[in-house]
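The residues making up each chain are set out below.
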Amino acid sequence: MRRLIRSWLLVVAGMAALGSVAIAQDGNAASASAAAAVVTPSATTAGGNSNGAVAAAGGGVAATEPQPGDTNAQRGRSQPGNNAPFWRGVRDSGRTPGTVNNLQVGERGVLIQPFTTYPGTRLTNAGEAWRQIRDGWIIPYGGSLVVIVVLALALYYFTKGPLGGHEENTGRVIERFTYFERAAHWSNAIAFVILAISGLVMAFGKFLLLPLVGGLLFGWLTYALKTLHNFAGPLFAVSLIIVFFAFLRSNWPGRGDLNWLLKGGGLFSGKEPPSGRFNAGEKIVFWGGVLVLGGIVVASGLVLDKLIPGLVYPRDDMQVAHIVHSIAAMLIVALFLGHIYLGTIGMRGAYRAMTTGYVDEAWAHEHHLLWYEDIKAGKIPAERSSASHRLEQPAA
């Protein structure tokens, strides 16, 4: 038994000795391989890579140091997974166009617009600055202006009622508007109403209509109104020019205008100050609304519709055009709301004048005394249209 145990121990000791010898031999071989892989400066060739050495054994190329001007491919070799050059190119594409052609002409490869500031915005890219102007200024303040005007007109109507009606009709009429003037006015008015309604829906519909009608109906509605808006715009532009020249002669500043303004047009006294064919308030609407705001809205709208030949229409110019168009549109809507109010329910007999072309002598005497006196004195004819357009007997 003791011999058997002794023999087993000798076998185990022998196997352990053989294992130690094998491990030692493997370690020596690994050390030799590592030593052979080390390359000293003297071992590099004259034509070797200056940024890295070629291993004498193993054949790998050491990574190069990243450089500031690397392309994305070069940076991928020096620092795999680092795409900084790509995103730097995206960020700077507004100043240095890249390779993506997202427009046929104009901006080619501009993925992010350059940084800029508009009045009331912080320094950011032009697209974000435009969004800040639209959502932070035009929508809230423009909408508030329109609501305030509507509420003010409603308050005045329910407290004061419509103007005029203090003199009894005589049965004798005066031609206030010719057939041509009415046709021009109604063409412009219809186009304006279409533009105003469609524009207000495009501006505020997302907040007011979308929760009520849902996305599907709202999408179809806004698409239809946007298309209608684009077609009504040129009609408004042409009719606006006709209206301007048709009514220009009667809208020059004249006697009684300053007095009319100082007395507030008699809105609170109940007695309207004397005025010519058009009072000072109507002249403000003509020069400020038709000429200034109307001209701005038309010009910026033609740019947005891309109807002016020879322009490139880059995004930054379109954003500025949209800002100008939106501001002018809010102002002209607010101004014309007052004009529409007085021309319909706000003044007795005013709507009849624009539908038939004629007003009673009493209406002319009450609202436009100086114009009435010039007609009675023979300085202005009581009727300017031909007999074929006559609807009622003119004043003597």
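Residues numbered from 1 in each chain as written. Predicted model: local features only at pLDDT ≥ 70, side-chain atom pairs only at ≥ 80, totals over all residues. Heavy atoms only, no water.

1. Description of the overall build of the chain
Test applied: Secondary structure follows DSSP: runs of H or I at least 4 residues long count as helices, runs of E at least 2 residues long count as strands, and numbering of each begins at the N terminus. Each residue gets one of three labels from its accessible area relative to the maximum for its type: buried under 20%, exposed over 50%, partly exposed in between, using a 1.4 Å probe on protein chains only. In short, Shrake-Rupley with a 1.4 Å probe defines the accessible areas, and a residue's cover is counted only from the protein chains shown.
For the chain, the count of helices and strands is 13 helices and 4 strands. Each of the 396 residues in the chain was classed as buried or not, and the buried ones make up 33%. Taken as a whole, the chain presents about 24,100 Å² of accessible surface, with 67% of it coming from carbon and sulfur.

2. Some points on the packing of helix α9 (residues 280-304) against helix α10 (residues 315-343)
Describing two packed helices takes the angle between their axes plus the distance from one axis to the other. This is how the line gets drawn: Axes here refer to lines fitted to C-alpha atoms; in helices the fit is confined to the stretch in contact. Angles between the N-to-C directions go from 0 to 180 degrees. In a left-handed crossing the near helix is turned counterclockwise from the far helix by less than a right angle, and in a right-handed crossing that turn is clockwise. Contacts were defined at the residue level, with two residues in contact if any of their heavy atoms lie within 4.5 Å. When residues are grouped by polarity, Ala, Val, Leu, Ile, Met, Phe, Trp, Tyr, Cys and Pro land in nonpolar, Asp, Glu, Lys and Arg in charged, and all others, Gly among them, in polar.
Across the interface, α9 lies against α10 with an axial gap of 8 Å and an inter-helix angle of 150 degrees. Crossing of α9 against α10: the hand is left-handed. Across the interface between the two elements, Val285, Gly288, Gly289, Val290, Leu293, Gly294, Ile296, Val297, Ser300, Gly301, Val303 and Leu304 of α9 pack against Met318, Ala321, His322, Val324, His325, Ala328, Ala329, Leu331, Ile332, Leu335, Phe336 and His339 of α10. Looking at the contact of α9 with α10 residue by residue, the class counts come to 16 nonpolar, 8 polar and no charged.

3. Side note on a nonpolar patch on the surface
Worth spelling out the cut-off: Each patch is built from residues that are more than 30% exposed by relative accessible area and take part in no salt bridge. Like charges join if they lie within 9 Å; nonpolar side chains (Val, Leu, Ile, Met, Phe, Trp, Tyr) join within 5 Å. Basic side-chain nitrogens of Lys or Arg form a salt bridge, by our definition, when they fall within 4 Å of a carboxyl oxygen of Asp or Glu.
On the surface, Leu291, Val292, Ile296, Val320 and Val324 cluster together to form a nonpolar patch covering roughly 350 Å² of accessible area. Those elements giving two or more residues to the nonpolar patch turn out to be α9 and α10. Within the fold, valine 292 resides in helix α9. For valine 292, a relative accessible area of 45% puts it in the partly exposed group.

4. Some remarks on the packing of helix α5 (residues 179-208) against helix α7 (residues 215-247)
Relative to each other, α5 and α7 sit at 145 degrees, their axes nearing to 7 Å. Here the hand of the crossing between α5 and α7 comes out left-handed.

5. Description of the packing of aromatic side chains
What counts, and what does not: When two rings of Phe, Tyr or Trp (its six-membered ring) have centres within 6.5 Å they constitute a pair, described as stacked for plane angles under 30 degrees, edge-to-face for angles over 60, and tilted for the intermediate range. Our definition puts a charge over a ring when NZ of Lys or CZ of Arg is within 6 Å of the ring centre and also within 35 degrees of the ring normal.
In the structure shown here, the tally under the stated rule is 15 aromatic pairs. Consider the rings of tryptophan 186 and tyrosine 351, whose centres lie 6.2 Å apart with planes at 85 degrees: the pair is edge-to-face. Of this pair, tryptophan 186 sits in helix α5 while tyrosine 351 sits in helix α11 (residues 350-356); the two residues are 165 residues apart in sequence, bridging distant segments of the chain. With a relative accessible area of 31%, tryptophan 186 lands in the partly exposed category. The interplanar angle of 35 degrees and the centroid separation of 6.3 Å between the aromatic rings of phenylalanine 192 and phenylalanine 236 together place this pair among those described as tilted. One end of the pair, phenylalanine 192, is in helix α5; the other, phenylalanine 236, is in helix α7, with 44 residues separating them in the sequence. In this structure, phenylalanine 192 and phenylalanine 236 share a single accessibility class: buried. Taken together, the ring pairs in this structure connect Phe244, Phe245, Trp252, Phe286 and Trp287 into an aromatic cluster. Of note, arginine 176 hangs over the ring of tryptophan 371, and the distance from its end group to the ring centre comes to 5.1 Å.

6. A short note on the confidence of the model for the chain
Our working rule: As a per-residue quantity, pLDDT reports the predictor's confidence and falls between 0 and 100.
Chain-level statistics for the chain give a pLDDT mean of 82 and a share of 76% at 70 or above. When pLDDT is averaged over each helix and strand of the chain, the minimum, 50, is found for helix α1 (residues 2-37) and the maximum, 97, for α9. This model gives residues 26-60 a pLDDT under 50, and the stretch forms 16 contacts once residues within four places in sequence are excluded. Below a pLDDT of 50 lies the segment residues 99-103, which in the model reaches 12 contacts outside its immediate sequence neighbourhood of four places, other chains included.

7. Notes on the side chain of serine 239
Note the threshold: We define a polar contact as two N or O atoms separated by no more than 3.5 Å, with the added condition that, inside protein, one atom must be a possible hydrogen donor and the other a possible acceptor, whereas residues neighbouring each other in sequence contribute only through side-chain atom pairs.
You can see serine 239 is positioned in helix α7. Classification of serine 239 as buried rests on a relative accessible area of 5%. At a separation of 3.1 Å, a polar atom in the side chain of serine 239 contacts the main-chain carbonyl oxygen of phenylalanine 236. If sequence neighbours within four positions are ignored, serine 239 has contacts with Ala184, Ser187 and Asn188.

8. Some thoughts on the nonpolar core
Put simply, the rule reads: For our purposes a nonpolar core is just a set of buried Ala, Val, Leu, Ile, Met, Phe, Trp, Tyr and Cys residues, chained together by side-chain atoms within 4.5 Å.
Core analysis: the biggest nonpolar cluster contains 51 residues, and Ile174, Phe192, Phe236, Ile332 and Val359 have the highest contact counts within it. Elements represented by at least two residues in this core include exactly α4 (126-160), α5, α7, α9, α10, α11, α12 (361-367) and α13 (369-376). Not counting the four nearest positions on each side in its chain, phenylalanine 192 is found in contact with Phe236, Ile332, Val333, Phe336 and Ile340.

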